[in-house]
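Fold and contact review
Next come the chains, spelled out residue by residue.
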Amino acid sequence: MALNVADVLWEMLVSAGVKRCYGIVGDALNPVIDALRRNGNVDFVHVRNEEYGVFAAVADAYFTGAPVAVCGTAGPGVVHLFNGLMDARKERAPVIAIAGDVETSLIDTSALEEMNPYQFFQAASLYTARLVNPAQAQAVIGTAIRTSILEKGPTVLSIPGDIAAAEAVGEPAHISIPAAPVYRPSDSDLSRLTDMINDAGTVAIFGGDGCRDAREEVIELAARLKAPVGYALRGKQWLEHDNPYAVGLTGLLGYGGAYGAINHADLLLMLGTDFPFSEFLPGAQVKKVQIDQNPKHIGRRTSLDLGLVGDVKATLQALLKNVQEKTDDRFLRKYVAETESFAELKAHYVTNGPGIKPIRPEYLAATLCKLASDDAMFFADTGTAVMWLARHIKGGKNRRLFGSFSWASMANAAPNAFGAQLAYPGRQTIAICGDGGFTMLGMGDLLTQVERKTNVIHILLNNGALDFVSIEQQEAGYIPYGVGFKNPNFAAVAETMGAKGIRIEDPDAVSDGLTEALAHKSGPVVVDCLVDPCALALPSHVPFHTMKGYTLSAAKQVLNGKMDSIIKTIEHNVRLV
């Protein structure tokens, strides 16, 4: 039987390394899905919501480095892909979206479910193509695949059903993916950087996800320069563990000596980071160098004295050949000591957690960190879940930490963990979920996890509120409003859906409950943890506008008869001050 365009699509995707496709079928996709069935080399992961599927694909693609497909049928199904594709673009995950489209005879007639893919996906896709002729197939499918893999991001193929079912023109092209190129700045620029480093009295390093493959080089450079190493949230999993020069995070999630180190050094080296919170970066008093393989990142967050485009690993390997070793370690010791001191402060509600009710989320997260395996993969929802992951979940050589760190979407943790579990069957995958995020997206597709028997442990922070939004409102000087809701017993709901449910209401049950959850191997677990809704995390540096906003919010709450809430919040966080 002659191949159709959909057959060509899957043969090319398989040759490029695609093993899974997440999505929901529909009439416009029927020829595509039938070809997937005939191909037999791609696992179709049927989800209840396309958005859940694409978030799963993001984690799958990010960690494996292999392309992952997602699909949605014309119009409404395709729209559900958008949020996850934006996340794929921000996290640089090679996700290829197959979008069902109306038949070619209906294009540009405002037909039912018709949508212009170029306009709709412009912000989310590195490359968008609409197949309207079988002769296009080889070229556009190949371009979508290569762009996604080589540029590390999402692409979109919009395919009308009549084109997918049409006879193919020619044989499917084998997709050959070249190894990622290694490039670094020119010798003249490296010489200039070397001079700046050698001339500086003190140097600090601030690293991001661009240090993913350069951990050893960063630590070697820090050792030679006696430089404290701070990191953005996306750099934490690569630079925190087993690093004697680590001084923590900066930003509102920050802890330790990172803020002080990067703002008081003579020279700051920003390595592979596009840290978006400019108010935490130094001004003109500190000389700044940024090294990033993406030219668009250079200088857009803060003014620079030198911006260099290149791979961090290759650049540091070349730099280390010529940079002089520094002998004065007083600057390093100061901020390492500050980091150790701050660790004692943030450990208060961990150490005393067994005796505090409601359960302190710090104690919950720290206990989870201690009990989890050395190669566990942790995923956090945007919100307070990220705060506790940032502060109390420690990375390791084989541990991984992930979230919607650059797009900041709600409800990513459960689908991220699901995708990771499919990519790494049997490996401990843990989703730290907000109750708002879990009810938004995670709860419906718990049925998918039950069906697949995926061993995902959901740690649910049940505080009956969009807690992080409440904090943001107070930072801006507002009275918290519209952030509370009533929750069910999530453990009972999970049991009804066929998953294992564990409810933890008392701090003395935390360790046993988590141990039971981590030991479960026959499907998903939902651990419903009733945590303190008043718990806050004080950063090591609080900007003036944040202090002003909290003060204004507190005054407004007092004037509106909410003095009891203010007193309760103070009482529950007094040891952080």
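1. Thoughts on the overall build of the protein chain
Regarding its fold elements, the protein chain presents 25 helices and 18 strands. Here the C-alpha radius of gyration of the protein chain, 25 Å, is about what a compact globule of 577 residues would show, namely 25 Å. Taken over the C-alpha atoms alone, the protein chain extends approximately 75 × 65 × 45 Å along its principal axes. For the protein chain, with 577 residues in total, the buried portion stands at 58%. Residue pairs in contact within the protein chain that sit at least 24 positions apart in sequence constitute 75% of those at least 6 positions apart. Summed over all atoms, the accessible surface of the protein chain reaches about 23,100 Å², with 52% contributed by carbon and sulfur. Within the protein chain, the 62 negative side-chain charges are centred at a point lying 5 Å from the centre of the 51 positive side-chain charges.

2. What about the sheet that holds strand 17 (residues 500-504)?
With parallel pairing, the six strands of this open sheet are ordered in space as 14-13-15-16-18-17. In the strand order of this sheet, the two ends are held by strand 14 (400-403) and strand 17, each with one partner. For this sheet, the mean angle separating the axes of adjacent strands, direction not counted, is 20°. Of the pairings in the sheet, the one linking strand 16 (residues 456-462) to strand 18 (residues 525-530) comprises six bridges and is parallel in character. Across the sheet, the residue bridging to I459 is V527, located in strand 18.

3. Structural notes on the pattern of salt bridges
Counting across every chain of the model gives 25 salt bridges. As a salt-bridge pair, D101 and R130 come within 2.6 Å of each other at their nearest N and O atoms. In this pair, D101 is assigned in strand 4 (residues 95-101) and R130 in strand 5 (residues 127-130), connecting sequence segments 29 residues apart. The exposure class of D101 is buried, given its relative accessible area of 4%. Across the pair R503 and D528 runs a salt bridge whose closest N-O atoms are separated by 2.5 Å. Of the two residues, R503 is situated in strand 17 and D528 in strand 18; the sequence distance between them amounts to 25 residues. Residue R503 is classed as partly exposed on the basis of its relative accessible area, which comes to 31%. Relative accessible area serves as the criterion here: at 0%, D528 is assigned to the buried category. Bridged by salt links that share partners, the residues D7, D34, R37 and R38 form one connected network.

4. Looking at helix 3 (residues 50-64)
Taking 1.5 Å per residue as the helical rise, helix 3 with its 15 residues ought to reach 21 Å, and the 21 Å between its terminal C-alpha atoms agrees with that figure. Taking burial as the measure, the 15 residues of helix 3 include 14 buried ones, the bulk of the element. One side-chain oxygen of the residue at the start of helix 3 lies 2.8 Å from the amide nitrogen of E51, identifying that residue as N49. Positive phi shows up at G65, right after helix 3, with a value of about 80°.

5. Comments concerning the sheet that holds strand 10 (residues 267-271)
The six strands lie next to each other as 9-8-7-10-11-12, forming an open sheet whose pairing is parallel. Unpaired on one side and paired on the other, strand 9 (246-249) and strand 12 (306-309) mark the two borders of the sheet. Taking the axes of each pair of neighbouring strands and ignoring which way they run, one obtains an average angle of 20° across the sheet. The pairing of strand 11 (residues 287-292) with strand 12 spans four bridges and is parallel. Looking across to strand 12, one finds that V289 is bridged to L306. Lying over the sheet, helix 9 (residues 187-199) contacts strand 7 (203-207), strand 10, strand 11 and strand 12, oriented at roughly 135° with respect to strand 12. Against the sheet, helix 10 (residues 215-225) touches strand 7, strand 8 (229-231) and strand 10, its axis set at about 165° to strand 7.

Rules and cut-offs
- Residues numbered from 1 in each chain as written.
- Predicted model: local features only at pLDDT ≥ 70, side-chain atom pairs only at ≥ 80, totals over all residues.
- Heavy atoms only, no water.
- Helix = DSSP H or I, 4+ residues; strand = E, 2+ residues; numbered from the N terminus.
- Rg over C-alpha atoms; globule rule 2.2 N^0.38 Å.
- Buried < 20%, exposed > 50% of the residue type's maximum accessible area, 1.4 Å probe, protein only.
- Contact = heavy atoms within 4.5 Å.
- Areas by Shrake-Rupley, 256 points an atom, 1.4 Å probe, with all protein chains shown as cover.
- Lys, Arg positive; Asp, Glu negative; His and termini not counted.
- Charge placed at Lys NZ, Arg CZ, Asp CG, Glu CD.
- Pairing = 2+ DSSP bridges.
- Axes fitted to C-alpha atoms, helices over the stretch in contact; angles between N-to-C directions.
- Salt bridge = Lys/Arg side-chain N within 4 Å of Asp/Glu carboxyl O.
- Expected span 1.5 Å × (residues − 1).
- Polar contact = N/O pair within 3.5 Å; in protein donor to acceptor, adjacent residues only side chain to side chain.

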